[in-house]
2 protein chains.
Amino acid sequence: MNFIEQLKHSSQLNRSLVCVGLDPDLGKLPECVRGEKYPLFAFNKAIVDATRDWAACYKPQAAYYAGQNADAELAMTIEYIHANSPDTPVILDVKRGDIGSTAAMYAREAFDRYGADAVTVNPYMGFDALQPFLERSDKGVFILCRTSNPHSGDLQNLVADGAPLFEHVAKLARDQWNANGNAALVVGATYPDELRRVRELCPTLPFLVPGVGAQGGDVGKVVRLGCDADGAGLVVNSSRGIIYASKGEDFAAAAGEAARKLRDQINSYR
Amino acid sequence: MNFIEQLKHSSQLNRSLVCVGLDPDLGKLPECVRGEKYPLFAFNKAIVDATRDWAACYKPQAAYYAGQNADAELAMTIEYIHANSPDTPVILDVKRGDIGSTAAMYAREAFDRYGADAVTVNPYMGFDALQPFLERSDKGVFILCRTSNPHSGDLQNLVADGAPLFEHVAKLARDQWNANGNAALVVGATYPDELRRVRELCPTLPFLVPGVGAQGGDVGKVVRLGCDADGAGLVVNSSRGIIYASKGEDFAAAAGEAARKLRDQINSYR
């Protein structure tokens, strides 16, 4: 089973299109876990235990571990998910992109060192920067297309040959970069018109949709405009909205409840 | 002294525009260092000792450390350079780019955890993905503009409003992203016409120029087309051409000689 099938399977098992973003910032964690030897891992472990029935996948953001000198806790987190929730795949959010020989090292980092099932990548450098990821046909590769952040249009909305840059990326992913059937796209929730357009262009590619919750995207629009013909084909990421649902000792229960609510909210529009 | 001044100072001290790329691949290292407890660091240390009189700066490529589970050796390498060659700044090649809160974590990784003096970043996500780096005004931020790899034109050469995408990046860097005077560009040696064009657009921004040596770029063209009005304003990166100049026990001496030769070759065109 490759990643795309894995994700479909886990979505069906939990009837869920929720991606739980594991972006723990030590300064924002509940007091009760800060004293742990591995506080980020202790936090993640509790979040995973509380959300695994409502999640289609998990997405640790590599920067939070790299920036807090916590590489070991990232490895422990992914290992824990695989051991305790084996049907739920892990997307490691790294947004890498570099020349071939370097990208091959980044593929080793994500897939071999950390055991991720999928990654996010940046298309600015073109095909050979993505190839070492794409050629791992069992793994998923989410290519940044239209991102959710305020200045994402600086480049992504520049119009070339009558189409904005992000549409070129969508077409390249569809026509040239998907030889192994493992390409997917990152399309933000905060720009619903663009989300609809990318779905028109790519009826069958899976989408990772960040930007609901703290960033302001509308869940109903995401589902109506972003799902494929089967009412699936995407996962909606929520990080802060789930992991910081409560900052007290009940943080895990609150995260579980937030994940379940988001799942049900998404399903109500499908 | 901010990074841009530091780089100018070190270039003048060693009369050098050479950036030594520290991309050690364990499988390619000389037998004599593979048995060390910290083989990548032992290798880098010998390379730094042998090249420090001929280098304007060093550029460790983060992927080689991340992919080989050698984060500690990256930290040791940068610390060693700062302690033993204090005038020579370190560019950490990470090519990061993510939403603001995440980019802030990556800035912590590069500047606080590893103590780098500058980084490379990816502009695909726009200004807010670069801001946490740019606001560290003492640090340098090399923005990918026209990269050296074979498929770099997939997106970078798409023409919007009469100009290819990489020219838009050059203009954004010049006009909007350089408020702190610490923006710089990555422009590959393998596309000399584009290098000339970016220098026309940005007469004073510093360039990091990869792509000579193994990638085939022409040193003479790089210097003639890429230097600023003072015959400076760029550093030419060489990684494999220097660090693998010999694979025997004389690897360090050979690296020193290769760095000196590249320095002299560059200077002969200035």
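Up top you'll find the structure we're talking about.
Cut-offs and rules
Residues numbered from 1 in each chain as written. Chains lettered and ligands numbered in written order. Predicted model: local features only at pLDDT ≥ 70, side-chain atom pairs only at ≥ 80, totals over all residues. Axes fitted to C-alpha atoms, helices over the stretch in contact; angles between N-to-C directions. Helix = DSSP H or I, 4+ residues; strand = E, 2+ residues; numbered from the N terminus. Parallel < 35°, antiparallel > 145°, perpendicular 65-115°, else oblique. Left-handed = near helix turned anticlockwise from the far one by under 90°. Contact = placed C-beta atoms within 7 Å. Nonpolar A, V, L, I, M, F, W, Y, C, P; charged D, E, K, R; others polar. Least-squares fit on C-alpha atoms with pLDDT ≥ 70 in both. Buried ≥ 20, exposed ≤ 12 C-beta atoms within 10 Å, placed from the backbone. Pairing = 2+ DSSP bridges.

Draft legend 1. Region of the structure containing the packing of helix H11 (residues 219–226) of chain A against helix H13 (residues 251–269) of chain A. All names here are of chain A. Here H11 crosses H13 at 45 degrees, and the two axes come no closer than 9 Å. Classified by the angle between their axes, H11 and H13 sit oblique to one another. Crossing angle aside, the handedness with which H11 passes H13 is right-handed. Packed against H11, whose contacting residues are Val219, Gly220, Val223 and Arg224, the element H13 presents Gln265, Ile266 and Tyr269 at the interface. For the contact of H11 with H13, the residue count by class is 4 nonpolar, 2 polar and 1 charged.

Draft legend 2. Inspection of the relation of the copies chain B and chain A at higher detail. The transformation that overlays chain B on chain A combines an axial shift of 0.0 Å with a rotation of 180 degrees, and the residual RMSD is 0.0 Å. Each copy turns onto its partner about a two-fold axis. Taking the C-alpha atom as reference, chain B places Ala160 of chain B closest to the rotation axis, 2.2 Å from it. Most of the interface of chain B is mirrored in chain A: 100% of its interface residues are interface residues there too.

Draft legend 3. Local environment of the interface of chain B and chain A. With 42 residues of chain B in contact, the opposing surface of chain A contributes 42 residues. Those elements giving two or more residues to the side of chain B that touches chain A turn out to be helix H4 (62–66), helix H6 (100–113), helix H7 (127–134), helix H8 (153–156), strand E6 (159–160) and helix H9 (165–175) of chain B. Split into classes, the residues belonging to the side of chain B that touches chain A amount to 19 nonpolar, 15 polar and 8 charged.

Draft legend 4. Geometry of the pairing of strand E2 (residues 57–60) of chain A. All names here are of chain A. Going residue by residue along E2, you find Cys57 and Lys59 tucked away on one face and Tyr58 and Pro60 tucked away on the opposite face as well. In terms of strand pairing, strand E1 (residues 18–22) meets E2 through 4 bridges, oriented parallel. The partner of Gly21 across the bridge, within E2, is Lys59.

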